[in-house]
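Structural description and commentary
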Amino acid sequence: MTQHNISDWEQLCKKELKGKTSQDIAWSTPEGFQMKVFYTKDDLDQLENTDTIAGIFPFVRGPRATMYANRPWTIRQYAGFSTAEESNAFYKKNLKMGQKGLSVAFDLATHRGYDSDHERVVGDVGKAGVAIDSVEDMKILFNEIPLDKMSVSMTMNGAVLPILAAYIVAAKEQGVSQDKLMGTIQNDILKEFMVRNTYIYPPKMSMRIIADIIEYTSQNMPKYNSISISGYHMQEAGADAVHELAFTIADGLEYCECAIDKGLNIDSFAPRLSFFFAIGMNFYMEIAKLRAARLLWAESLEQFEPKDPKSSMLRTHCQTSGWSLTEQDPYNNLIRTTIEAMAAVMGGTQSLHTNAMDEAIALPSENSARWARNTQLIIQEETNICKIVDPFGGSYFMESLTHSLADEARKILKEVKDMGGMSKAIEQGYPKLKIEECAAKKQARIDKGDDVIVGVNKYQLDQEDELEVLNVDNKVVLENQVKRLTKLKKDRDDTKVKACLDKIVEAAKSGEQNLLALSIDAMEARCTLGEVSDAIASVSSRYEASSSLVSGVYGSHFQDDQEYIEFSQKIKAFHTKHGRNPRLYVAKMGQDGHDRGARIIASAFADIGFDVDVGPLFQTPQEVARAAMESDVHAIGVSSLAGGHNTLVPSLIAELKKLDCEDIQVFCGGVIPKQDYQQLYDDGVFGIFGPGTPILQSAASILKQLDK
């Protein structure tokens, strides 16, 4: 056989590239990796664990020896909306059509530990998930779904105690004992403090709750995963693959320390830990990330001296990226989701949710939900992809990328360890700052056109067709939930309710007794989710996050950009004319904690030259109006992601009128269906900037309006 070397290939490249070398077509990733276009066996020199076997430590090629050849990944579509009745009907239909497990989405009021009749959640009930106030709602949600046979994943972190307790009681009243329950509760509060923000209590109380849940489930629920350690929301908030990977592993190690401090042996709970990663459009990097995650977890767990191999085995659920979905030319999202699903499968996920193509606009329609599910069915049933274990194993490129990613993640893991662990790092604001820096850099690359998004910053359509989207009537859901709550409180034994809540308060104070065990008693007595949450909050209070921003990151990408320079001159002209810079108040109303868009806008607009105030999360319209008045701003920018805009924005404008501040103008951004635009304009909004709008374009439009 003829032997060739890399210099032979370089000569061919030079010929094909008309004198250029391979270095001229090399590229770099958002993580800063300098990528070649061709890899050989020399790239594997000095690397360990490049010749591994699936199912054997360190599990780079997969946690099971046979992977999908024996059993394909679980199709676990994340869904929930409106009432428990409607979600139950949706689940049953999907199960008939081939879905294998359930993954429950709760509304934001539920996440944040509020009953549906609370004054702070009027715009949130039933909008971004199903409303659950009590065991009665949970029983309806799983009506005629056998919980001893169905694996159920529940994305819940803040109100994790009453939700898991209600699920256990609902199963009991269905005739299913808790030792037969299968599935996962997310129960990952550390990432909430970094990105998603559906926390309730401060870190110390939150970690105590997690330890109690791990303890209770390890003793009473042997088939149930007590935690799903999530990197997903980190990527959605802007983290690159290195930071998502490192911070997720660091979170997992912190939870292990927490459980061990509780007196648990590593092998008593680690086999029931699971992970959750986002899968975006960086195809090769996402495959490498899952492989590197298994490597890092296996080597990291060695410090706890596990005896059971399953303790070191990282098992993960994956979900295709919601952030990569575009409002513009939305049918492109079908292709994006398919590519991302392929990366998750090639990386060796254990279960998968594929996003619907209209989720950048609203909740999934029935058709888009079917296409999303069928994407997985087609990959499983029509391609033979399942028949090969880790097809990228041994690839010069993939093994090199896997280890490069692991090496960079190890550096961050060491930084976190030197800070005293992830809780300490979060207290110092380190992870949140790094993620926001990544997000600002990504937005700058998109706005400059360095990162192409088809239909957004390249190949745009002249005319966008309007999609028919699912719309939840928030007022109807709210009325139904309030009626059910009223009946529940009328029919229950108030003496028993008070006794249960008093025990929770005492346990929260003393640090003794298991809070999940007490919450199960409380939910069985028909306490509400809000009452259990408030009982603990009466001891620990509710957590409030800092609203500080990164600065200079977005602007640093535009120092030589002519459009940016010209806009800076317009800001100076505004100052000369009005005696001050344009001043904005960026607001998040309701219980929606997804603040990537709001924080990028605030940070970038500040770099451009606006004076920007950022409101705290979870404000009411009344609080936003008063804060804007006191800050003497020109305009309020409302960021909406969870569907509450139709209720909250008109309320904000009405509050401004009450305060005689009608000169403060209002604009909106985020996930808002086009069908809602005209109503918002009629309510008094002057501009709406959907996903993908370049920041300089939106800034120019706002400045023009304020300069009238």
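Here the structure is shown first, and the text comes after it.
Presented here is an overview of the structure given in this document.

The rules behind each value
Residues numbered from 1 in each chain as written. Predicted model: local features only at pLDDT ≥ 70, side-chain atom pairs only at ≥ 80, totals over all residues. Heavy atoms only, no water. Helix = DSSP H or I, 4+ residues; strand = E, 2+ residues; numbered from the N terminus. Rg over C-alpha atoms; globule rule 2.2 N^0.38 Å. Contact = heavy atoms within 4.5 Å. Areas by Shrake-Rupley, 256 points an atom, 1.4 Å probe, with all protein chains shown as cover. Lys, Arg positive; Asp, Glu negative; His and termini not counted. Charge placed at Lys NZ, Arg CZ, Asp CG, Glu CD. Patch = residues over 30% accessible without salt bridge, like charges linked within 9 Å, V, L, I, M, F, W, Y side chains within 5 Å. Salt bridge = Lys/Arg side-chain N within 4 Å of Asp/Glu carboxyl O. Buried < 20%, exposed > 50% of the residue type's maximum accessible area, 1.4 Å probe, protein only. Core = buried A, V, L, I, M, F, W, Y, C linked by side-chain atoms within 4.5 Å. Pairing = 2+ DSSP bridges. Right-handed = clockwise from strand over helix to strand, strands pointing away. Axes fitted to C-alpha atoms, helices over the stretch in contact; angles between N-to-C directions. Parallel < 35°, antiparallel > 145°, perpendicular 65-115°, else oblique. Left-handed = near helix turned anticlockwise from the far one by under 90°. Nonpolar A, V, L, I, M, F, W, Y, C, P; charged D, E, K, R; others polar.

Within the protein, the regular secondary structure consists of 27 helices and 16 strands. Relative to the compact-globule value of 27 Å for 708 residues, the protein shows a C-alpha radius of gyration of 26 Å, a close match. By its C-alpha atoms, the protein is 85 × 70 × 50 Å across when sized along the principal axes. A separation of at least 24 residues holds for 79% of the contacts in the protein among residues at least 6 apart in sequence. Accessible surface computed for the protein: about 29400 Å², of which carbon and sulfur atoms make up 49%. Charge separation in the protein, taken as the distance between the mean sites of 77 positive and 99 negative side-chain charges, equals 3 Å.

Time to look at a nonpolar patch on the surface. Together, Ile 6, Ile 25, Trp 27, Val 37 and Phe 38 give the surface a local cluster of nonpolar side chains, amounting to about 400 Å² of exposed area. Its place among the elements puts Val 37 in the loop between strand 2 (34-35) and helix 2 (67-70). Judged by relative accessible area, which is 39%, Val 37 ranks as partly exposed.

With that settled, consider the nonpolar core. Formed by 82 residues in total, the largest nonpolar core has its most connected members in Phe 247, Ile 249, Phe 269, Trp 297, Leu 405 and Met 422. When residues in this core are grouped by element, the largest group, twelve residues, is from helix 10 (residues 241-261). Here Leu 405 is in contact with Phe 33, Ala 241, Val 242, Leu 245, Met 285, Ala 288, Lys 289 and Ala 292, once residues within four sequence places are set aside. In terms of nonpolar packing, the next biggest core, distinct from the first, is built from 62 residues, Leu 102, Val 104, Ala 166 and Leu 501 among them.

A few words now on unusual backbone geometry. In the segment running from Phe 57 into Pro 58, the intervening peptide bond is cis, with an omega of 5 degrees. In this fold, Pro 58 is placed in the loop between strand 2 and helix 2. Even without a glycine there, the phi angle at Lys 18 is positive, about 55 degrees. Inspection of the secondary structure puts Lys 18 in the loop between helix 1 (6-16) and strand 1 (27-28). Assessed through its relative accessible area of 77%, Lys 18 is described here as exposed. We note that Gln 513 has phi near 65 degrees; this positive angle belongs to a residue other than glycine. Overall, Gln 513 belongs to the exposed group, its relative accessible area being 52%.

Before going further, it helps to spend a moment on the pairing of strand 15 (residues 665-670). Alignment of strand 14 (residues 635-640) against strand 15, held across six bridges, turns out to be parallel. Residue pairing for strand 15: Ile 636 is matched across the bridge by Val 666. Bridge count for strand 15 against strand 16 (residues 687-689) is three bridges, and the pairing is parallel. Residue Gly 669 lies in a different strand from strand 16, and its bridge partner there is Phe 689.

A few words now on the environment of Ala 171. For Ala 171, the location among the structural elements is in helix 6 (residues 160-173). Taking relative accessible area as the criterion, Ala 171 reaches 0% and is therefore assigned buried. For the pair formed by Ala 171 and Ser 116, sequence separation is 55 residues and the distance between their alpha carbons is 23 Å. Once you skip the residues sitting within four places of it in the chain, Ala 171 turns out to touch Leu 147, Val 176 and Leu 181.

So, on to the pairing of strand 6 (residues 182-185). It is a general feature of regular strands that their side chains alternate between the two faces of the sheet. Bridge count for strand 5 (residues 151-154) against strand 6 is four bridges, and the pairing is parallel. In the sheet register, Met 154 faces strand 6, and the bridge partner there is Ile 185. Assessed by its sense of winding, the connection that carries the chain from strand 5 through helix 6 to strand 6 is right-handed. Bridging between strand 6 and strand 7 (residues 224-225) involves two bridges; their strand directions are parallel. Directly across from Thr 184, in strand 7, lies its bridge partner Asn 225.

Before going further, it helps to spend a moment on the sheet that holds strand 16. Through backbone hydrogen bonds, the strands of a sheet pair up, either in parallel or in antiparallel fashion. With parallel pairing, five strands are arranged side by side in an open sheet as 13-12-14-15-16. Lying at the two open borders of the sheet, with one neighbouring strand each, are strand 13 (611-614) and strand 16. Averaged over neighbouring strand pairs, the angle between their axes works out to 25 degrees when direction is ignored. Across four bridges, strand 12 (residues 583-587) lies against strand 14 in parallel orientation.

It is worth spelling out the packing of helix 6 against helix 20 (residues 515-524) at this point. Closest axis-to-axis distance for the helix 6/helix 20 pair is 8 Å, and the angle between their directions is 60 degrees. Viewed along their axes, helix 6 and helix 20 adopt a mutual orientation that is oblique. Seen from above, helix 6 lies across helix 20 with right-handed handedness. Judged by residue contacts, Leu 161, Pro 162, Leu 164, Ala 165, Ala 166, Ile 168, Val 169, Lys 172 and Glu 173 of helix 6 engage Leu 515, Leu 516, Ser 519, Ile 520, Met 523 and Glu 524 from helix 20. Taken together, the residues of the contact of helix 6 with helix 20 sort by class into eleven nonpolar, one polar and three charged.

The next subject is the pattern of salt bridges. If you walk through the whole model with that rule in mind, you get 41 salt bridges. Residue Asp 390 is joined to Arg 291 by a salt bridge in which the shortest nitrogen-to-oxygen separation is 3.0 Å. With Asp 390 in the loop between helix 14 (366-382) and helix 15 (396-419) and Arg 291 in helix 12 (residues 283-301), the pair connects residues that are 99 residues apart, well separated along the chain. Exposure class is identical for Asp 390 and Arg 291. Each is buried.

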